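Breakdown of the fold
Listed below, chain by chain, are the residues.
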Amino acid sequence: MTDHGPLFSFRETWRRILAVAFVEGLRLLRDKTSFSLIVAVPVMQIILFGAAVNLDPKNVSLAVVGGSPSTQQLVAQVSEKTGYFSSIQLGVEPEQATDLIARGLVSVVIELPNDAAFFDDKVSDDLDGTTTVFIDGSDAGAVAPALSALQREMWRQVAQRLAEEADLEGLTHSRQQVETVWLYNPERDTTWTLLPGLLGVIVMISMLMLGALSLAREREQGTWEALLMMPTTAAEVLAGKVFPYIAIAFVQVILVTVCATIGFGLPFMGSVLLLLVGTLLFAFAHLVLGFLLSAVVENQIQALQGAVAFYLPSMLLSGFMFPFSGMPGWAQGAGNMLPLTHYVRFARDIMLKGSPGAEAAGFLAPIALFALVAGLMALVLFRRRLD
């Protein structure tokens, strides 16, 4: 007699489950694209979070203006001892102090008084010995640790002078004459730093996903054959697919900008038209990249995996979430190849600094080049698919 009891039934059920699992495992192993992405994405996260992301950024650019040459040299030496500052510029005219920050050439400017040395033991009460520190507040997280280290080093110098029997009263007076000015973000509101870049992140993910799913979805739904029957070229098909998605990007730009300015008080100092044009170019770059992914993969799952494999490092290496200056050289090199890196700088300059069009064009040029290359590659692959 055959045993048809509960134990036998459980064994048969478990055997069938294992058989299905075995077949599914073989399918995953044979699907090289999916398997490689499944392995690549976790490895990439480990590398980026472990080696590229740094919440204690160094290599902060600094300029020292005003004062005597000897005082500038002393301030530069103190700054170097902190280990946070690099590319220290000396001998710059005082009237250029804020212009250096506006143009993104430096992040911190120390403007010394012309009538007293910064570390003099005695500072006359009838002289204006105020030292002003100008800071680029558009990316406050990138400079805050460096400023804290500089302040600690300054007070260490005071303690050293005291140990050498210097005039403590004069030293303390000179320290009290330091004024800190946060430009473009006086309250050091992290929301103001994040929102301009967030606009780029939203547009990037939307366009990349929509573009990546476009061709893959049509092949799975069987509508790809209809495109083959139409009297259209590959360029016409690609252009026809672009316009509706660009309209979606336009709506997103307006929606996010209005919410940021009204809801969070983000100042908008630059040209709305320039921001719109730059964002639509940025959207186009990721849309054609999505089309490129869609033409390479075979199904929507692979398209989604490819999109994630691109936008994840973009968010981590662009300076949107973590300070760009704190990354190692190889990570900064990789980040400069990503459109989001340049868009974050562009959006912050337009919204917070009100940079003119000539300077903003410098940020848009790499995005335009990326869009051109991705568009040409997508066009070639589309033509092959249509043929």
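None of these values were measured; they are calculated from a predicted model.

1. Topic: the overall build of the protein
Summing up its helical and strand segments, the protein has 14 helices and five strands in all. The burial tally for the protein puts 46% of its 387 residues in the buried class. Counted over contacts in the protein with a minimum sequence separation of 6, partners at least 24 positions apart contribute 80%. Split by element, the accessible area of the protein, about 19300 Å² in all, is 64% carbon and sulfur.

2. Side note on the packing of aromatic side chains
Think of a pair of aromatic rings as described by two things: how far the centres are apart, and how the planes are tilted against each other in angle. What the rule picks out here adds up to four aromatic pairs. A ring pair is formed by F310 and F370, whose centres lie 6.1 Å apart and whose planes are at 40 degrees; its orientation type is tilted. Here F370 lies in helix α14 (residues 357-386) and F310 lies in helix α11 (residues 300-317), a separation of 60 residues in the sequence. No difference in accessibility class separates F310 from F370, as the two residues are buried. Among the aromatic residues, those joined into a cluster by ring pairs are F282, Y343 and F346. Above the ring of Y84, the side-chain terminus of K58 is found at 5.2 Å from the ring centroid. Positioned over the ring face of F324 is R345, at 4.7 Å from the centre of the ring.

3. Here we look at the packing of helix α7 (residues 190-221) against helix α10 (residues 272-296)
Two elements in contact, α7 and α10, have axes separated by 7 Å at closest approach and are oriented at 30 degrees. Crossing geometry of α7 relative to α10 is assigned as right-handed.

4. Thoughts on the nonpolar core
If you look at the biggest cluster of nonpolar residues, it comprises 66 residues, and the most contacted ones within it are L199, L275, F291, Y343 and F346. Those elements that place two or more of their residues in this core are α2 (32-52), α7, α9 (234-263), α10, α11, α13 (339-353) and α14. Setting aside anything within four residues of it in sequence, one finds F346 in contact with L274, L275, G278, T279, A360, F363 and L364. Counting residues in hydrophobic clusters, the runner-up holds 20 residues, among them L62, Y84, A149 and L150.

5. Examining α10
The end-to-end C-alpha distance of α10, which contains 25 residues, comes to 36 Å, matching closely the 36 Å that a straight helix rising 1.5 Å per residue would cover. You can read the cap of α10 off the contacts: a side-chain oxygen lies 3.4 Å from the backbone nitrogen of L273, and it is on S271.

6. Description of the environment of L281
With respect to the helices and strands, L281 occurs in helix α10. Take L281: its relative accessible area is 24%, and that puts it in the partly exposed class. Sequence spacing of L281 and I367 is 86 residues, and the spatial spacing of their C-alpha atoms is 7.4 Å. Leave out the neighbours within four places in its chain, and L281 touches L364, I367 and A368.

7. Focus on the pairing of strand β3 (residues 108-112)
Summarising burial for β3: four of the five residues are buried, a large majority. Pairing of strand β1 (residues 60-66) with β3 involves five bridges; the strand directions are parallel. Across the sheet, V64 pairs through a bridge with I110, a residue of β3. In this sheet, strand β4 (residues 131-136) lies alongside β3 in antiparallel orientation, the contact comprising four bridges. Following the sheet pairing, V108 is matched in β4 by I135.

8. Notes on unusual backbone geometry
Look at N59: it is not a glycine, yet its phi comes out positive at around 60 degrees. Exposure remark for N59: the relative accessible area of 49% places this residue in the partly exposed category.

9. Points about the confidence of the model for the protein
Within the protein, residue pLDDT values average 79, and 79% of them lie at 70 or more. Here helix α6 (residues 168-176) stands out as the element of the protein with the lowest mean pLDDT, 50, in contrast to α13, whose mean of 92 is the highest.

10. Description of α7
Compared with an ideal rise of 1.5 Å per residue, which puts 32 residues at 46 Å, α7 spans 45 Å between its outermost C-alpha atoms and is within 8% of the ideal. Two or three places before T191, at the start of α7, stands the capping residue D189, its side-chain oxygen 2.9 Å from that residue's backbone nitrogen.

11. A closer look at the packing of α10 against α13
It is at 11 Å that the axes of α10 and α13 come closest, and there the two elements cross at 170 degrees. In terms of their interaxial angle, α10 and α13 are classed as roughly antiparallel. Between α10, through L274, L275, G278, T279, F282 and H286, and α13, the contact on the second element is made entirely by P339, L340, Y343, F346, A347, I350 and M351. Residues of the contact of α10 with α13, tallied by class, amount to ten nonpolar, three polar and no charged.

12. A short note on the pattern of salt bridges
Opposite charge on two side chains permits them to pair, given that their charged atoms come into close proximity. Across all of its chains, the model carries four salt bridges by this definition. Between R348 and D139 there is a salt bridge; the shortest N-O distance is 3.6 Å. Highlighted residues: R348 in helix α13 and D139 in the loop between β4 and α5 (140-163), separated in sequence by 209 residues. A relative accessible area of 21% places D139 in the partly exposed class.

13. Considering the sheet that holds β4
Hydrogen bonds between backbone groups are what pair the strands of a sheet, and the pairing can be parallel or antiparallel. Strand order in the open sheet formed by five strands is β2-β1-β3-β4-β5, and the pairing between neighbours is mixed. With one partner strand each, in any of the chains shown, β2 (85-92) and β5 (178-183) form the two edges of the open sheet. Taken pair by pair, the neighbouring strands of this sheet meet at an average axis angle of 20 degrees, ignoring direction. Two strands pair when backbone bridges link them, and β4 and β5 are joined in this way by six bridges, in the parallel orientation. By the bridge assignment, T131 is partnered in β5 with V178.

Basis of the calculations
- Residues numbered from 1 in each chain as written.
- Predicted model: local features only at pLDDT ≥ 70, side-chain atom pairs only at ≥ 80, totals over all residues.
- Heavy atoms only, no water.
- Helix = DSSP H or I, 4+ residues; strand = E, 2+ residues; numbered from the N terminus.
- Buried < 20%, exposed > 50% of the residue type's maximum accessible area, 1.4 Å probe, protein only.
- Contact = heavy atoms within 4.5 Å.
- Areas by Shrake-Rupley, 256 points an atom, 1.4 Å probe, with all protein chains shown as cover.
- Phe/Tyr/Trp six-rings, centres within 6.5 Å; stacked < 30°, edge-to-face > 60°.
- Lys NZ or Arg CZ within 6 Å of the ring centre and 35° of its normal.
- Axes fitted to C-alpha atoms, helices over the stretch in contact; angles between N-to-C directions.
- Left-handed = near helix turned anticlockwise from the far one by under 90°.
- Core = buried A, V, L, I, M, F, W, Y, C linked by side-chain atoms within 4.5 Å.
- Expected span 1.5 Å × (residues − 1).
- Polar contact = N/O pair within 3.5 Å; in protein donor to acceptor, adjacent residues only side chain to side chain.
- Pairing = 2+ DSSP bridges.
- pLDDT = per-residue confidence, 0-100.
- Parallel < 35°, antiparallel > 145°, perpendicular 65-115°, else oblique.
- Nonpolar A, V, L, I, M, F, W, Y, C, P; charged D, E, K, R; others polar.
- Salt bridge = Lys/Arg side-chain N within 4 Å of Asp/Glu carboxyl O.

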